[in-house]
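Notes for the structure review
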Protein chains: 2
Amino acid sequence: MRYLMTFSYDGTNYNGYQKQPKTKTIQEVIEKSLTKINSNNQVIIHASGRTDSKVHAVNQKAHFDLNSDIEPYKIKKSLNKLLPDDIYIKTIEIVDSNFHARFDVIKKEYIYKINIGEYNPIDVNYILQYNKSLDIELMKKAIKLFEGEHNFKSFTKTSDEKNDYIRTIYKTDISLEKDIITITFVGSGFLRYMVRNMVGILIEIGSLKKNLTEISKLFEIKDRRESGITAKPNGLYLKNVYYE
Amino acid sequence: MRYLMTFSYDGTNYNGYQKQPKTKTIQEVIEKSLTKINSNNQVIIHASGRTDSKVHAVNQKAHFDLNSDIEPYKIKKSLNKLLPDDIYIKTIEIVDSNFHARFDVIKKEYIYKINIGEYNPIDVNYILQYNKSLDIELMKKAIKLFEGEHNFKSFTKTSDEKNDYIRTIYKTDISLEKDIITITFVGSGFLRYMVRNMVGILIEIGSLKKNLTEISKLFEIKDRRESGITAKPNGLYLKNVYYE
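Residues numbered from 1 in each chain as written. Chains lettered and ligands numbered in written order. Predicted model: local features only at pLDDT ≥ 70, side-chain atom pairs only at ≥ 80, totals over all residues. Heavy atoms only, no water.

1. A word on the overall build of chain A
Which entries qualify depends on this criterion: Helix numbers and strand numbers start at the N terminus; a helix is a DSSP run of H or I with at least 4 residues, a strand a run of E with at least 2. For a compact globule the rule gives 2.2 Å times the number of residues to the power 0.38, and the radius of gyration it is set against comes from C-alpha atoms. Burial status follows relative accessibility: with a 1.4 Å probe on protein chains alone, a residue under 20% of its type maximum counts as buried, one over 50% as exposed, and anything between as partly exposed.
Across its full length, chain A carries five helices and ten strands. For 244 residues, the compact-globule formula gives about 18 Å, and the C-alpha radius of gyration of chain A, at 19 Å, lands near that figure. For chain A, the spread of C-alpha atoms along the principal axes amounts to about 60 × 40 × 30 Å. Taken over 244 residues, chain A has a buried fraction of 56%.

2. What to know about the pairing of strand E10 (residues 236-242) of chain B
All names here are of chain B. Definition in use: A pair of strands is labelled paired if DSSP reports no fewer than 2 bridges between them.
Of all seven residues in E10, five are buried, a share of seventy percent or more. Looking at chain direction, strand E3 (residues 56-65) and E10 are connected through two bridges and run parallel. Within E10, the residue paired with Ala-57 across the bridge is Leu-238. Pairing analysis gives six bridges linking strand E5 (residues 107-115) to E10, with the strands arranged antiparallel. Considered in E10, the bridge of Tyr-112 is made with Leu-236.

3. A few points about the packing of helix H1 (residues 26-37) of chain B against helix H2 (residues 72-82) of chain B
Residue and element names in this part refer to chain B. Formally: Throughout, an axis means a line fitted to C-alpha atoms (over the contacting stretch in the case of helices), and angles, computed between N-to-C directions, take values from 0 to 180 degrees. Between 65 and 115 degrees an angle is taken as roughly perpendicular, under 35 as roughly parallel, over 145 as roughly antiparallel, and anywhere else as oblique. Crossing handedness is read from the near helix: turned anticlockwise from the far helix by less than a right angle, it gives a left-handed crossing, and turned clockwise, a right-handed one. Whether two residues touch is decided by their heavy atoms; if any such pair falls within 4.5 Å, the residues are in contact. We call Asp, Glu, Lys and Arg charged. Ala, Val, Leu, Ile, Met, Phe, Trp, Tyr, Cys and Pro are nonpolar, and the rest, Gly among them, are polar.
Interaxial distance between H1 and H2 falls to 10 Å at its minimum, and their mutual angle equals 125°. Considering their axes alone, H1 and H2 lie oblique with respect to each other. The handedness of the crossing between H1 and H2 comes out as right-handed. In this structure, H1 uses Ile-30, Ser-33, Leu-34, Lys-36 and Ile-37 to contact H2, whose residues at the interface are Ile-75, Ser-78, Leu-79 and Leu-82. Here the contact of H1 with H2 is built from residues that sort into six nonpolar, two polar and one charged.

4. A word on the pairing of E5(B)
Residue and element names in this part refer to chain B. Within E5, seven of the nine residues are buried, leaving the element largely enclosed by the surrounding structure. In this sheet, strand E9 (residues 180-187) lies alongside E5 in antiparallel orientation, the contact comprising eight bridges. Within E9, the position partnered with Tyr-110 by the bridge is Phe-185. Judged from the two bridges that link them, E5 and strand E6 (residues 128-129) form a sheet pairing that is parallel. When the sheet's bridge partners are listed, Ile-114 is paired in E6 with Leu-128.

5. Here we look at the domain arrangement of chain A
Residue and element names in this part refer to chain A. Keep this limit in mind: Each domain span listed reflects an automatic or database assignment of domains. Using a 1.4 Å probe, buried area is obtained as the accessible area two parts lose upon being combined, added over both of them.
The assigned domain composition of chain A is domain 1 (2-95) and domain 2 (107-242). Taking only C-alpha atoms into account, the centre of domain 1 sits 27 Å from that of domain 2. Each side of the interface is counted separately: domain 1 has 16 residues, and domain 2 has 15 residues. In this assembly, domain 1 packs against domain 2 so that about 1,300 Å² is buried in total across both faces, 54% of it on carbon and sulfur atoms.

6. Observations regarding the interface of chain A and chain B
In plain terms, the rule: Should a side-chain nitrogen of Lys or Arg be within 4 Å of a carboxyl oxygen of Asp or Glu, the pair is scored as a salt bridge. Under the rule applied, a polar contact is a pair of N or O atoms within 3.5 Å (in protein, one hydrogen donor and one hydrogen acceptor; residues adjacent in sequence only if both atoms are side-chain atoms).
Each partner contributes to the interface: chain A provides 18 residues, whereas chain B provides 18 residues. Here chain A and chain B share an interface that buries about 1,500 Å² over both sides, 61% of which is from carbon and sulfur atoms. Broken down residue by residue, the surface that chain A buries against chain B is led by A:Tyr119, A:Pro121 and A:Ile122, which jointly contribute 38%. Ionic pairing is found between B:Lys90 and A:Glu118, a salt bridge with its closest N-O pair at 4.0 Å. For the pair chain A and chain B, the interface holds two residue pairs in polar contact (both at pLDDT 80 or more). For the side of chain A that touches chain B, the elements supplying multiple residues, two or more each, are strand E1 (2-9), strand E3 (56-65) and strand E4 (87-95) of chain A.

7. Points about the relation of the copies chain A and chain B
Worth spelling out the cut-off: Here the copies are matched by least squares. The fit uses the C-alpha atoms of residues with pLDDT of at least 70 in both.
Once chain A has been moved 0.0 Å along the axis and rotated by 180°, it coincides with chain B to within an RMSD of 0.0 Å. On this basis, the relationship between the two copies can be described by a two-fold rotation axis. Within chain A, A:Asp123 has its C-alpha nearest the rotation axis, a separation of 5.1 Å. When the interface residues of chain A are mapped onto chain B, 100% of them again fall at the interface, so both copies present the same face.

8. Structural notes on the pattern of salt bridges
All names here are of chain A. Under the counting rule described, the total for this entry stands at 24 salt bridges over all chains. Between Lys-19 and Glu-31 there is a salt bridge, with its nearest N and O atoms 2.6 Å apart. Of this pair, Lys-19 sits in the loop between E1 and helix H1 (26-37) while Glu-31 sits in helix H1; the two residues are twelve residues apart in sequence, bridging distant segments of the chain. Residue classification places Glu-31 among the buried residues on the basis of a relative accessible area of 3%. Counted as one network, the salt bridges with shared partners bring together Asp-52, Arg-192 and Arg-196.

9. Comments concerning helix H3 (residues 136-144) of chain B
Since the α-helix packs 3.6 residues into each turn, any two residues three or four apart lie on the same face. Residues and elements named next belong to chain B. Put simply, the rule reads: Along the arc lie the directions from the helix axis toward the C-beta atoms.
Ile-136, Met-139, Ala-142 and Ile-143 are the residues of H3 that are buried. Down the axis of H3, the sector holding all buried residues measures 110°, keeping them to one side. Exposed residues pointing more than 90 degrees away from the buried face of H3 are listed as Glu-137 and Lys-141. Each element contacted by the buried residues of H3 is listed here: strand E8 (166-177), E9, helix H4 (194-206) and helix H5 (214-221). The N-cap residue of H3 is Asp-135: its side-chain oxygen and the backbone nitrogen of Glu-137 are 3.2 Å apart.

10. A short note on the packing of aromatic side chains
Using the following cut-off: Ring geometry is summarised as follows: Phe, Tyr and Trp rings, the Trp one being its six-membered ring, pair when their centres sit within 6.5 Å, and such pairs are stacked at plane angles under 30 degrees, edge-to-face over 60 and tilted between the two.
Evaluated as defined, the whole model comprises 24 aromatic pairs over all chains. Ring geometry for A:Tyr88 versus B:Tyr119: centroids 4.8 Å apart, planes at 45°, classification tilted. Placement of A:Tyr88 in strand E4 and of B:Tyr119 in the loop between E5 and E6 is noted, with the two residues assigned to different chains. Neither A:Tyr88 nor B:Tyr119 differs from the other in exposure class; each is buried. With 6.2 Å between their ring centres and 75° between their planes, A:Phe146 and A:Phe185 make a pair best called edge-to-face.

11. Examining the confidence of the model for chain A
Inclusion rule: Within a predicted model, pLDDT stands for the predictor's per-residue confidence, ranging from 0 to 100.
Of all residues in chain A, 99% attain a pLDDT of 70 or more, and the chain-wide mean is 94. For this predicted complex, the interface confidence reaches an ipTM of 0.90, while the overall pTM sits at 0.93.

12. Some remarks on the environment of B:Lys132
Looking at the secondary structure, you find B:Lys132 in the loop between E6 and H3. Distance in space between the C-alpha atoms of B:Lys132 and B:Phe152 is 28 Å, their sequence separation being 20 residues.

13. Here's the deal with the side chain of A:Lys61
All names here are of chain A. Relative to the elements of secondary structure, Lys-61 occurs in strand E3. A polar contact of 3.0 Å, which involves the side chain of Lys-61, links it to the side chain of Thr-6. Discounting chain neighbours no more than four positions away, the residues touching Lys-61 are Leu-4, Met-5, Thr-6, Phe-7, His-46, Ala-47, Ser-48, Ala-101, Val-241 and Tyr-243.

Structure representation (structure tokens):
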């Protein structure tokens, strides 16, 4: 039986989503608990994609298969009992055996939070502490330039060699509430570091260190090394993953 | 020279404010840094009061003396450089040498946050995850009963023997925003666990486990053992401390 689960996590104390040897990851912790529920037969979970160290998720999605068909609400209950406080399974549903949580994604939403007010030690793992003013009107103009289909090679990790750097951004938004800027990107998919690199240049534009024209220039030159700063991971949230 | 500082902290990774042997506390971490700034002559800080393990502060206050008179903004800058991410000095000012951060307090404000919506692993150290509905109108009626001068012996730690359990609550408030209840208490002073015990009974009333009349009964019997639950520390914030 194939199941799809929606889950949220605080990424602060994890070395990212994806399993790797000798370090605590979200995937490893969930798989260990699911394996227990599956009579100690190993369960592998397939997420919509990885999130980097210290990045949070509000609605991450992953599918997995179990030998026997346990009712979804029972798996949810047992799993949440076994999991630590900072990971929570929101829903589990049965899906078609062809469904794939990564390959079937049609769009994803990420948000990024920035505090332009006074430093707040209570939010340090959850909101980028920029603590200086930013020209939000200028950033609102800038973010629109990311919308549509572009080659995002200048906005991914330098060492990530891929065949395809084309992605489509469907929707963007910037809002301000009580000194907290929330930046939203909805897109067909995101390359490694892509959101943090887009946020990085938006911060440079908002702080008048770079010009609006920089963005189209970067789309043209397709070289990360010419690009700007990578915003810290701790203000980033995978907000939603969409399927057909 | 005597200085008064205002500071905020995330209490998650500390064993409370007050210094004690063999464990990390807010006071110890700040004193170590201040001592460095004071040419390694030991500095003791005197706060408005302690906060318990995992309790946060938005505006805690403490005074301290230095041998030489360093300008306040210079102390602030050096101190914030030395301190970890989760403690932040907001302001430092010079005060009269008779000023005392604890004895001169005229009132304090605490807030407590409760999530009555879905469990959120990202807020688990900052908002009580109650995750069930509460009758807020009833709680609003109940909290008014705490206002005024009362003997709070039923609302403090059982083992805390004091001469005086009389405290005055000047103002209370309960508000709801996006499934988060914020409870506010402004009072002349608060006994150990007093806010968390008042919140505990408010939760019991809001969940219809106890009756409104319980509060006046507890004021009369003056015995903590007859009282209700103590709300967890992680939803509690010392919000403000007021002097003349």
